[in-house]
Amino acid sequence: MLYSLQSTNLFILSLLAYVIGAVLGPILAPRKAPASSAGRRLAGYAVTAVFLVSAIASLASLVASYMVLSSRASVDVSPFPLTPFGHLTFRLDPLSAFFLLVISLVGFAVSIYSLGYARSFLFKRHVGLLLFLHNSFLLLMTSVVTVTNGVLFVVVWEGMSIATYFLITYEHESQPSRRAGFLYIAMTHVGTFFLILMFLTLFSHSRSFDFDSFRITASAMPWGSKTLVFFCALIGFGIKAGVIPLHIWLPEAHPAAPSNISALMSGVMIKTGIYGMIRVFFDFLGTGLPWWGFAVLILALGSSVLGVLFALMEHDLKRLLAYHSIENIGIILMGIAVALIFHQAGNDGIAIVGLVAALFHTLNHATFKSLLFLSAGSVVHSTGTRNMEELGGLIKRLPYTATFFLVGAVAISALPPLNGFASEWLTFQAFFRGFDVAELSVKTAMPISMALLALTSALAAACFVKAFGITFLGTSRSRHVQDIHESPWNMLAAMGLLAAACLFFGIDPSLVISRLQPVADFVLHRNPSGALSVDVARSISANPTVNEAPVLVAVLLLGIAAIAIVAIVVLRGNRRSRVVPTWACGLEGLAPRMQYTATGFSKPIRMIFSSVFRPSREIDVREPMSPYFKPTIRVDLKTEAIFDTHVYRPLMNSVLAALRVLRKVQTGHIQSYLAYIFITLIVLLWMAL
Amino acid sequence: MDSPNGMEKQLVTAAIWIVQLVAVLALPPLVNGIIRKSKARLQNRVGPPLSQSYSDLFKLFRKEALVSATTSWIFRAAPYVVFTTTLLVATLMPMFSPYPPLGWMSDFILLVYLLGLGRFFLALSALDAGSSFGGLGSSREMTIASLVEPAMILSIFATAASAGSLNLNAIASSVSPSISSLLNPSQILAFAGLFIVTLAETGRIPVDNPATHLELTMIHEAMILEYSGRHLALIEWASQIKLLIFFSLLGNLFIPTGIAASVSLVDFVTGIAIYLVKIGGLAVVVALVESTNAKLRLFRVPDLLMVAFTLSLLSLVLRFLIR
């Protein structure tokens, strides 16, 4: 009782604080620099204060959601009883609480980061607008995962999309930003169309937009309606999540936003799509048809492998990270696919492993991806470029940022002892366990999926060797790296917090898994205390690694490192080092341009997967005027965006062609319009009589 | 299998762990020596003595380390990370005893990814010095590693699935040491798949040539070109240990005779002896393969790995889909 009371209050506090922040921001932050230096300082304090308010708000909802997760009971919050759509109730059930936890954790870190980040463009840009959007974005995301009514859901979902649109086009003077914004808003509206269709289908059976009524009636709907709902949810939420082939907005939109917002979008917003899928697939529809899981599995495998392959071809730091979001959404969907397949087959023990893996990876991806985006933000902030080919050697100028980026890179490459490994391990286990019990058709899919997951994470490791190595190691490749300095402490503190989370979830995954299992139980409508309940850890009991291993791995790593060092001492090795220049094959020295480039690094992969990339190369050699000067050589290297050229462009062209035909109706003569009205009237009368 | 309980068991486990730790530190240079010697004999040379690899390591440890001025802490840390992770994997592997130390931790996925951690840092260190060789090696190594991984996972999948576990100890103890299981076509195919994976992972011919410093063909050697002294010694030692790890996988998962049946001393010593024979045999086989094959062009390597992948898949099909 006490628990629920407190978490209710904290949740209301957090909503209020977001609203206050959104209102205060534009009032307090002036667009133009005040004349007096005191005024300028005051404006700086005001920005800090507003971001502190959002930090407090996220902290409050973080605590509230954690309380709900530990108490394993749902909590209803109705701060505003009367709205046009009936009761406005926010419900923190285990699933909502989990996603709220993810949102608030990242929201908190990003708010702290923004303290320093946003002050740098105070008076240069409209910071008041940024404050307003930042708070509204967090408020709306919080609402998306907690509302309990279909109409309200669509409203806050649209609100979230619109807030994101303005954040993407925040740097509206740049043409790519505006283009990215347009692409995003167009795609997201296609998604909303499918969501509305989905809710209307559900409504036609339950006669109410309440989630509770969906839960009762949806599982008993005829298979036709169920499949329609499944498809609409898959497309509608899949667009937001960035599932290939619905991803085309994502790599444009995420880099266009300011870096703190990119972290929120990539770390959290795309997860609302995952939330929607879990809510509809399991909570509403209950069980599905056997092929649903396969459909999701194929999308998942495609997204993860293609996502990481596209990422490898990028040398824009933030676009690279954006493509990795697609890859990780694929990995999350793998868990969901396993859950769908085995929940349908009635084997909930494995369904739970899959679902817990998906939820765990959701949390992990939120932490390490926002960490990566924040540290990439620091790089962009201090160097002014996102192009890796112009960077290099940053580890000496930005030692802390580099270390935090490295933590994120190791985590996203699924290497122990960080958190990315823990959840991918669980996904591997889900596939492997699935193989054991499945019938023949499922059996074949499991090992192939495992192999593709292994391919994905190994390619991700290659990609992050490139991203970290080219950006931070070696020597600087351009003047962008000349006079730069480390980010202020609050930006570093935010990154440090997320890095600590990556380490913590990785070293003790059992802590997270034991908290996630009730969520999975809830989603699958299982009684947690019932005899059917399967302990995730126990269902993998043949492999007790799940709980203790990574803790001990860390301990053992230290222990053996100690042994190694002792071994060297015992061997009376030489402890001396001498600092020398890098070996230059006997030449005078190395120039920065002799280093490997990001493009060069990914060349073998580009060649091996040339059927995906369709690389083309144009070499233009201009002969010099005089034989004493070297010719100028221009190399133009392109890879094809296959979905752009083979899916979306033909689609768009055919839509435009259809519209061109339709345009003939619009003659511009008033006589023909009168004729249309007349004909319509006659037809209507004829139909009515 | 009679199992001792409590205190006694823990003592036995601790003893085995120490034996295994000593073995994985001491054996690898010998294995390397056997390969070098056999290759020399196949080429009608006398070849270096078996102890040469020990002397090489010893020499490197005694020399001072040269560190490039452009490097950061990554360059200095990488050898330790590589050595630590490789050694950790080696100590967690099933080798010759029924009560492997920390056996419940020898999860295949964990071990593969621990090796991946070492490789990740090595590939980063290669980019740290700012020379083009490092980038070349790093790029090629990561490319080949990502193609090897799926084949590796699949190659042990069939065996793992019949054991019902991804834990290497559980797998090794589930494979029955009968001649029929040894000659099972599915096992043979999976063995062939894992053997190709071993060649690729440990940088042997036909994927990489450990003895070359020719820029066109270097992969692993290009990555570690900047290293010297104790750093180089640790990396060399680690790659020798890695070879032992893969030999142990091949030996224990597919030729499962020899893992001692009980904890009696006699069984234990026989276990070690049989293990040594298996490892020595595999070393000679690798020398044979290296002497009779040419190194593949870089862009032909994916084809070879595809063969490994297909073999593993076929083994899986034979085992489970066609009964």
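Student: Help me understand the overall build of chain B, please; the structure alone is not making it clear to me.
Tutor: Looking only at helices and strands, chain B has 12 helices and one strand in total. Secondary structure of chain B in N-to-C order comes out as α-α-β-α-α-α-α-α-α-α-α-α-α. Here the C-alpha atoms of chain B give a radius of gyration of 20 Å, agreeing with the 20 Å that 2.2 N^0.38 yields for 323 residues. For chain B, the C-alpha atoms occupy an extent of roughly 60 × 45 × 40 Å along the three principal directions. In chain B, which comprises 323 residues, the share counted as buried stands at 63%. Sequence separation of at least 24 residues holds for 82% of the intrachain contacts in chain B that already meet a minimum separation of 6. Only carbon and sulfur atoms are counted for the fraction: they give 67% of the accessible area of chain B, which is about 11,300 Å². Taking the 21 positively charged and 17 negatively charged side chains of chain B as two groups, their mean positions are separated by 6 Å.

Student: In this structure, what is going on with the overall build of chain A? I would like to understand it.
Tutor: Looking only at helices and strands, chain A features 26 helices and five strands. The C-alpha radius of gyration computed for chain A amounts to 27 Å, which stays within 12% of the reference 26 Å derived for 689 residues, consistent with globular compactness. Oriented by its inertia axes, the alpha-carbon framework of chain A measures out at about 95 × 75 × 65 Å. Taking the contacts inside chain A whose residues are at least 6 apart along the sequence as the reference set, 79% of them involve residues at least 24 apart.

Student: I tried to follow the pattern of salt bridges on my own but got confused; where do I start?
Tutor: Where charged atoms from two side chains of opposite charge approach closely, those side chains can pair. One pass over the full model with this rule turns up 22 salt bridges over all chains. A salt bridge links Arg319 of chain A to Glu314 of chain A; the nearest nitrogen and oxygen atoms lie 3.2 Å apart. With a shortest N-O distance of 3.4 Å, Lys242 of chain B and Glu201 of chain B are connected by a salt bridge. Of this pair, Lys242 of chain B sits in helix α10 (residues 229-254) while Glu201 of chain B sits in helix α8 (residues 185-201), and the two are 41 residues apart along the sequence. Take Glu201 of chain B: its relative accessible area is 7%, and that puts it in the buried class.

Student: Help me out: how do you make sense of unusual backbone geometry in this one?
Tutor: Excluding glycine, a negative phi dihedral is what most residues carry, and trans is how most peptide bonds are arranged. All names here are of chain A. Cis geometry marks the peptide bond from Ile244 to Pro245, where omega comes out at 10°. Considering the arrangement of structural elements, one finds Pro245 in the loop between α8 (223-241) and α9 (250-256). Cis rather than trans, the peptide bond between Pro416 and Pro417 has omega equal to 5°. Of note in this structure, Ala414 is not a glycine but carries a positive phi near 60°. Here Ala414 is to be found in the loop between α15 (399-412) and α16 (419-437). Judged by its relative accessible area of 0%, Ala414 falls in the buried class. Of note in the backbone geometry, Cys585 takes a positive phi value of approximately 55° without being a glycine.

Student: It is not clear to me how the packing of aromatic side chains should be interpreted in this structure. Could you clarify?
Tutor: The description of an aromatic ring pair uses the distance of the two centres, along with the angle that the planes make with each other. Residues and elements named next belong to chain A. Counting across every chain of the model gives 44 aromatic pairs over all chains. Where Phe99 meets Tyr275, the ring centres are 5.4 Å apart and the plane angle is 70°; that geometry is what we call edge-to-face. With Phe99 in helix α3 (residues 94-119) and Tyr275 in helix α10 (residues 259-284), the pair connects residues that are 176 residues apart, well separated along the chain. Judged on exposure class, the residue Phe99 and its partner Tyr275 are both buried.

Student: Sorry, what's going on with the environment of Leu304 of chain B here?
Tutor: All names here are of chain B. Topologically, Leu304 is positioned in helix α12 (residues 301-321). Taking the C-alpha atoms as reference points, Leu304 and Val197, separated by 107 residues in sequence, lie 9.3 Å from one another. Apart from the residues within four sequence positions on either side, Leu304 is in contact with Ile196, Pro206, Val207 and Leu296.

Student: Help me understand empty space enclosed by the protein in this model?
Tutor: Rolled over the atoms, a probe as big as a water molecule pinpoints where empty space is left. Taken as a whole and assessed by the stated rule, the structure comprises nine cavities of 30 Å³ or more. Lining the largest cavity are 13 residues, and of these Ala458 and Ala461 of chain A together with Gly116, Arg119 and Glu149 of chain B sit closest to its centre. Mapped by element, the contributors of at least two residues to the lining of the largest cavity are α17 (440-472) of chain A together with α4 (108-128) and α5 (132-163) of chain B.

Student: Mind showing me how you'd approach the packing of α8 of chain B against α10 of chain B here?
Tutor: Helix packing geometry: the angle between the two helix axes and the distance between the axes. Residue and element names in this part refer to chain B. Two numbers describe how α8 lies on α10: the axes approach to 10 Å, and their chain directions differ by 180°. The angle between the axes of α8 and α10 places the two elements in the roughly antiparallel class. Contacts between α8 and α10 pair Gln187, Ala190, Phe191, Leu194, Phe195, Val197, Thr198 and Glu201 from the former with Lys242, Phe246, Phe247, Leu249, Leu250, Leu253 and Phe254 from the latter. Classifying every residue of the contact of α8 with α10 gives 11 nonpolar, two polar and two charged.

Student: Explain the interface of chain B and chain A to me, please; I cannot follow it from the model alone.
Tutor: For an interface, size is often stated in terms of accessible area lost upon the parts coming together. Opposite the 77 residues of chain B that make contact, chain A presents 84 residues. Both faces combined, the contact of chain B with chain A buries some 7,000 Å², and carbon together with sulfur accounts for 76% of it. Taken together, the connections running from chain B to chain A amount to two salt bridges. Note that Glu64 of chain B is salt-bridged to Arg576 of chain A, the shortest N-O span being 3.6 Å. Linking chain B with chain A are 18 residue pairs in polar contact (both at pLDDT 80 or more), by the criterion used here.

Student: Even after reading the chapter, I still don't get helix α11 (residues 265-292) of chain B, so can you show me in this structure?
Tutor: In an α-helix, one turn spans 3.6 residues, which is why side chains three or four residues apart end up on the same side. Under the 1.5 Å per step criterion, the end-to-end length of α11 of chain B is 41 Å for 28 residues, consistent within 8% with the ideal 40 Å. Those residues of α11 of chain B not exposed but buried are Phe268, Gly271, Tyr275, Lys278, Ile279, Gly280, Leu282, Ala283, Val286, Ala287, Val289 and Glu290 of chain B.

Student: Looking at this model, I keep getting lost on the packing of helix α12 (residues 317-344) of chain A against α17 of chain A. Mind explaining?
Tutor: All names here are of chain A. Running from N to C, α12 and α17 cross one another at 160°; their axes reach a closest spacing of 11 Å. Judged by the angle between their axes, α12 and α17 are roughly antiparallel. Pair α12 / α17 crosses with left-handed handedness. Residues Leu317, Leu320, Leu321, His324, Glu327, Ile331, Met334, Ile341 and Phe342 of α12 form the contact with α17, whose participating residues are Val442, Met446, Leu453, Thr456, Ala460, Cys463, Phe464, Lys466, Ala467 and Thr471. For the contact of α12 with α17, the class distribution of residues is 14 nonpolar, three polar and two charged.

Student: Looking at this structure, I do not really get the environment of Thr403 of chain A. What am I missing?
Tutor: As for its position among the elements, Thr403 of chain A is in helix α15. Sequence-wise, Thr403 of chain A and Leu301 of chain A are 102 residues apart; in three dimensions their C-alpha atoms are separated by 31 Å.

Student: How do you make sense of the environment of Arg576 of chain A when you look at a structure like this?
Tutor: Mapped onto the elements of the fold, Arg576 of chain A is located in the loop between α21 (545-570) and β3 (577-580). Beyond its immediate stretch of four places on either side in the chain, Arg576 of chain A contacts Glu64, Ala65 and Arg230 of chain B.

Student: Got a minute to help me understand a nonpolar patch on the surface in this structure?
Tutor: Residues and elements named next belong to chain A. A cluster of nonpolar side chains, contributed by Leu16, Val19, Ile20, Val23, Leu24, Ile27 and Leu28, occupies part of the molecular surface with about 590 Å² of accessible area. Turning to its location among the elements, Leu24 is positioned in helix α1 (residues 2-28). Using a relative accessible area of 32% as the deciding quantity, one classes Leu24 as partly exposed.

Student: Is there a simple way to explain the confidence of the model for chain B in this structure?
Tutor: Detailed reading of the predicted model is not advised wherever pLDDT is low. Taken residue by residue, chain B gives an average pLDDT of 86. The fraction at 70 or more is 91%. Within chain B, α4 of chain B carries the highest mean pLDDT (93), whereas helix α7 (residues 179-182) of chain B carries the lowest (70).

Student: What should I look at first to understand the confidence of the model for chain A in this one?
Tutor: Residues and elements named next belong to chain A. Averaged over every residue, the pLDDT of chain A is 87; residues scoring 70 or more account for 91%. The least confident element of chain A, judged by mean pLDDT, is helix α20 (residues 536-539) at 40; the most confident is α15 at 96. Throughout residues 529-551 the model reports pLDDT below 50, and contacts reaching past four residues in sequence, or to other chains, amount to 57 contacts.

Student: What's the story with the side chain of Ser14 of chain A in this structure? I'm lost.
Tutor: All names here are of chain A. Turning to its location among the elements, Ser14 is positioned in helix α1. For Ser14, a relative accessible area of 0% gives the class buried. Sequence-distant contacts of Ser14, that is, excluding residues within four places in its chain, are made with Ala57, Ala60 and Ser61.

Student: Got a minute to help me understand the state of the cysteines in this structure?
Tutor: The term disulfide refers to a covalent linkage connecting the sulfur atoms of a pair of cysteines. One pass over the structure, following the stated rule, counts zero disulfides over all chains. Of all cysteine sulfurs, the one in Cys463 of chain A lies closest to Cys502 of chain A, which takes part in no disulfide; the gap is 17 Å.

Student: Help me out: how do you make sense of the side chain of His324 of chain A in this one?
Tutor: Counting through the fold element by element, His324 of chain A comes out in helix α12. The contacts of His324 of chain A, once residues within four sequence positions are left out, are Val308, Ala311, His365, Lys369, Ile412, Ala460, Cys463 and Phe464 of chain A.

Quick notes on the rules
Residues numbered from 1 in each chain as written. Chains lettered and ligands numbered in written order. Predicted model: local features only at pLDDT ≥ 70, side-chain atom pairs only at ≥ 80, totals over all residues. Heavy atoms only, no water. Helix = DSSP H or I, 4+ residues; strand = E, 2+ residues; numbered from the N terminus. Rg over C-alpha atoms; globule rule 2.2 N^0.38 Å. Buried < 20%, exposed > 50% of the residue type's maximum accessible area, 1.4 Å probe, protein only. Contact = heavy atoms within 4.5 Å. Areas by Shrake-Rupley, 256 points an atom, 1.4 Å probe, with all protein chains shown as cover. Lys, Arg positive; Asp, Glu negative; His and termini not counted. Charge placed at Lys NZ, Arg CZ, Asp CG, Glu CD. Salt bridge = Lys/Arg side-chain N within 4 Å of Asp/Glu carboxyl O. Phe/Tyr/Trp six-rings, centres within 6.5 Å; stacked < 30°, edge-to-face > 60°. 1 Å grid on protein atoms, 1.4 Å probe; cavity = no way out; pocket = protein on both sides within 12 Å on 5 of 7 lines; lining within 4 Å. Points joined across faces, edges and corners; volume = space filled by probe spheres on them. Axes fitted to C-alpha atoms, helices over the stretch in contact; angles between N-to-C directions. Parallel < 35°, antiparallel > 145°, perpendicular 65-115°, else oblique. Nonpolar A, V, L, I, M, F, W, Y, C, P; charged D, E, K, R; others polar. Buried area = accessible area lost by both parts, 1.4 Å probe. Polar contact = N/O pair within 3.5 Å; in protein donor to acceptor, adjacent residues only side chain to side chain. Expected span 1.5 Å × (residues − 1). Left-handed = near helix turned anticlockwise from the far one by under 90°. Patch = residues over 30% accessible without salt bridge, like charges linked within 9 Å, V, L, I, M, F, W, Y side chains within 5 Å. pLDDT = per-residue confidence, 0-100. Disulfide = S-S within 2.5 Å.

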